[in-house]
Each structure stands twice: as C-alpha cells, then as structure tokens.
Amino acid sequence: MLNRQELQDAFLSHFGQPAALTVHAPGRVNLIGEHTDYNGGFVFPAAINFGTWIAACKRSDNQVVAVAMDINGNENSFYLDDIQFDHNQSWANYVRGVVKMLQQAYPDINGMSLMITGNVPQGAGLSSSASFEIALLRAFSDAYGLSLTGVEAALLGQKAENDFVGCSCGIMDQLVSALGGEDQAMLLDCEALTYRHTTLPDELAIVIINSNVKRGLVDSEYNIRREQCEEAAGVLQVTSLRHATLEQLEQHKPELKNTVYQRAHHVITENARTLAMFDALEAGDIAKVSQVMAESHVSMRDDFEITVPQIDFLVEQIAQVVGDKGGVRMTGGGFGGCVVALIPKKLVEKVSDTVNNFYYSHTGLTAAIYVCSAERGAFA
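Residues numbered from 1 in each chain as written. Predicted model: local features only at pLDDT ≥ 70, side-chain atom pairs only at ≥ 80, totals over all residues. Heavy atoms only, no water.

Q: Talk me through the layout of surface pockets; I want residue IDs and the actual numbers.
A: A volume near 180 Å³ is recorded for the second largest pocket. Lining the second largest pocket are 14 residues, and of these Ala-294, Val-315, Glu-316, Ala-319 and Val-328 sit closest to its centre. The set of elements that each furnish at least two residues to the lining of the second largest pocket consists of helix H9 (286-302), helix H10 (309-322) and strand S10 (327-331). Residues belonging to the lining of the second largest pocket are distributed by class as follows: six nonpolar, five polar and three charged. (1 Å grid on protein atoms, 1.4 Å probe; cavity = no way out; pocket = protein on both sides within 12 Å on 5 of 7 lines; lining within 4 Å. Points joined across faces, edges and corners; volume = space filled by probe spheres on them. Helix = DSSP H or I, 4+ residues; strand = E, 2+ residues; numbered from the N terminus. Nonpolar A, V, L, I, M, F, W, Y, C, P; charged D, E, K, R; others polar.)

Q: Tell me about the sheet that holds strand S11 (residues 338-344), residues and numbers included.
A: Here we have four strands laid out as an open sheet, ordered S10-S11-S9-S12, and antiparallel in their pairing. Of all strands in the sheet, those bounded by a partner on one side alone are S10 and strand S12 (368-372). On average, each strand axis in the sheet is inclined to that of its neighbour by 20°, with strand direction left out of account. Here strand S9 (residues 204-210) pairs with S12 via five bridges, running antiparallel. Note on S12: the bridge partner recorded for Ile-206 is Cys-372. (Pairing = 2+ DSSP bridges. Axes fitted to C-alpha atoms, helices over the stretch in contact; angles between N-to-C directions.)

Q: Tell me about the nonpolar core, and name the residues and values.
A: Generally speaking, soluble globular proteins have nonpolar side chains that are buried together. Judged by nonpolar contacts, the single largest core of 51 residues is most densely connected at Ile-54, Val-95, Leu-102, Leu-114, Leu-137, Leu-148 and Phe-379. The element that contributes the greatest number of residues to this core is helix H3 (residues 128-144), accounting for eight residues. Apart from the residues lying within four places of it in its own chain, the contact partners of Leu-148 are Leu-102, Tyr-106, Leu-137, Ser-141, Ala-153, Leu-156 and Phe-379. Judged by nonpolar contacts, the second largest core, of 43 residues, contains Val-238, Leu-256, Phe-304 and Ala-367. (Core = buried A, V, L, I, M, F, W, Y, C linked by side-chain atoms within 4.5 Å. Buried < 20%, exposed > 50% of the residue type's maximum accessible area, 1.4 Å probe, protein only. Contact = heavy atoms within 4.5 Å.)

Q: Report on the pattern of salt bridges, specifying residues and quantitative values.
A: Taken as a whole and judged by the stated rule, the model has 14 salt bridges. For Arg-96, the salt bridge goes to Asp-86, with nearest N and O atoms at 3.7 Å. Of this pair, Arg-96 sits in helix H2 (residues 92-105) while Asp-86 sits in the loop between strand S5 (74-79) and H2, and the two are ten residues apart along the sequence. Asp-86 gets classed as buried once you look at its relative accessible area, which sits at 12%. Across the pair Arg-263 and Glu-305 runs a salt bridge whose closest N-O atoms are separated by 2.9 Å. Linking Arg-263 in helix H8 (residues 258-283) with Glu-305 in the loop between H9 and H10, this pair joins segments that are 42 residues apart in sequence. A residue is classified by how much of its surface remains accessible, and Glu-305, at 36% relative accessible area, is partly exposed. Here the residues in one salt-bridge network are Glu-34, Glu-270, Arg-273 and Arg-329, joined through shared partners. (Salt bridge = Lys/Arg side-chain N within 4 Å of Asp/Glu carboxyl O.)

Following this line, the structure appears as structure tokens:
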C-alpha cells in the first residue's frame, strides 16, 4: 500500500494535476454480536487502523475516473448519466454503486478523479468494502461540500452494496467506518441506528488472527441462517428475534425444529452478551469481558454452527495464554476467517509465539496476526 505522499504523487503523475484532497476511512472488527445485525439486534464493533485512502479532485465534466493502485493501477471510468454494472472489473462496482446512490440524494454532483489504495486484508472479514464505500462518500462530500452525516453515508454505502453490488449486508460495517471513535468501541442498535461508545482499556490491544481458512459456503449458509431466524421469529410472533426472550423461546420450543431453536437461542443470548460486554468494559470488569466472549464463541460453535476446527483451535490456544485477563472469539460471518482477541499488551508477544508455534503444526496453515488500535471514523 502507498503512503499518503506516494498516493498524492501517483495522482499527480496519472492525472497531470495535484489532488485537491485526501481522505481515509477505516475497516472494522466486531468484538461481539455475531449474526445479530440482520435480526435487528446489537453489535459491538471498533474501527481499526487498516483502511482505504483516496486522493481526489473534482472534474469539470460528468465523468468519474477511478484508479485502483493495489490492482496494478487498474483504471475504470463512467459517466454520471450512464452508470451500469461492470462485469469485468468487480472492484469498480463499489465506485459505481456509491456514486449512483449518492447522485439520487445529491443530483448536483459532478465528475471526480480518484486514486485509491488500501491495506485492509482481503477476505479476512474486516470489511474492506465498507471502508472503500465510506472513503468514496467522504471524498465526494468534501469535494462538493455536501451536508452528508455519518449515518446518511452509512445508509448510502449499505444501499450501494445491497442494491447495486448485490451483497445483502447489514448496516454495521458502514456505520462504524463512518462514526467509530478513537480508542473506543461502538455499541450499535441495528434496529434504531442509535449508538454509544465506550473507551477500550489502555492496557488491552485488539489482536486479529486470520486463520487463512478459505471461507467456503458463506453465502449459501448465511442465507439459510437468515431464513431460520425469520422462521423462529414467525413462530414466536415477533417482528425480529431482537424482540424475543428466552422465556418465549422455551415456551414455543415444541413448535420449532431443533436447528431453528438453536439459531434463535444463539441470537437471543448473543444480544444479551453484547450488552453485557459493553457494561463490563464501562465498569473495567475484564474477567466478565473474558467470560462473555468465551460464551459467544461456544454459542457460534454449538448453536449457530458457523465455526470451523481451525478457528476453534486458535480460540482455545489463545484463551489458555490470556485466561481471564482478556477475551477471544471468532469474529465475522463464519466458516473460516478471523479470530478477534482483546489481549493485555504485555501478553501480545506470547500469544503471537503460541499461534506461530502451534497453529501450523496442527492445521498445516499459517495464521496472519494483526495488532490493531481503535481509530476514528471518516465522518466522526
């Protein structure tokens, strides 16, 4: 990835004029609250110090020209009055989708020249796409003096991904990329779109371990889980599992298939754990954080059935080192991807050594380890 000066130099070299502005939007990791977002529930992400940078300048015509520095300087261009899906350059559909949705809200925008780079690890579940969308929206907002709020930007980014790119994502990724807080995590209510921040303890680092298990079955299994959750909500006669209680679930258990019961059990208890983790961090109760993160992982493994043996092994190994001084769990959609841990900074090296010493010999895979900090969102 290019640094800021190199990005600006590349812009000047490619477009023959200096960039008028440079913007950044972070990726994210979800600390707890998995598969709760599309059930109207609670999630608890943090924006991280990996993200997307864009150097940009307004154009006098109505053309958007975007250059992806990390894909061999790949260029893609289109006109604002003819925004079509691009079947050849898939990355460009994020630009096209965002601009199309933005144009519907702000019809007076004109063309832009964009030079793009980023360092969110691809395929790790750390939301490079939302980071990309929010950076694009920040660039247009700054260039054209738009009165775009963080929530509006998040909704536009989500709409671009849902309606143009064709990925049925929730709102979490875009919202925390837009409005995350420095050294903070965000408790987001996915139904009301309200949020609260809490400060992460100085002594803890966010550590993300990519299992490098290729995430198979994600789309099909994700859709099945959504259907199962909707089925449970129907039997429980609630608009979403956000509004269900364990008492209701037990009462209706005879009417539910066992797998549907399990899925609902995960969502209802995960919402409670997410709120409990926010309260525990507010109170500085790290032992409680450790407990709820461990319970979250077990629930994802046994009730929601989205972990894989390699992820379970990583969680087990890290938990043995960290004990009740921090927490660890799978993060993301499942079937591979990453583990997230809150680890005392003095134990980060020991955790890294443990992963490096045992993970490959147990799985034949090499894990990638990222020590992160919580960063400010693009619209914060």
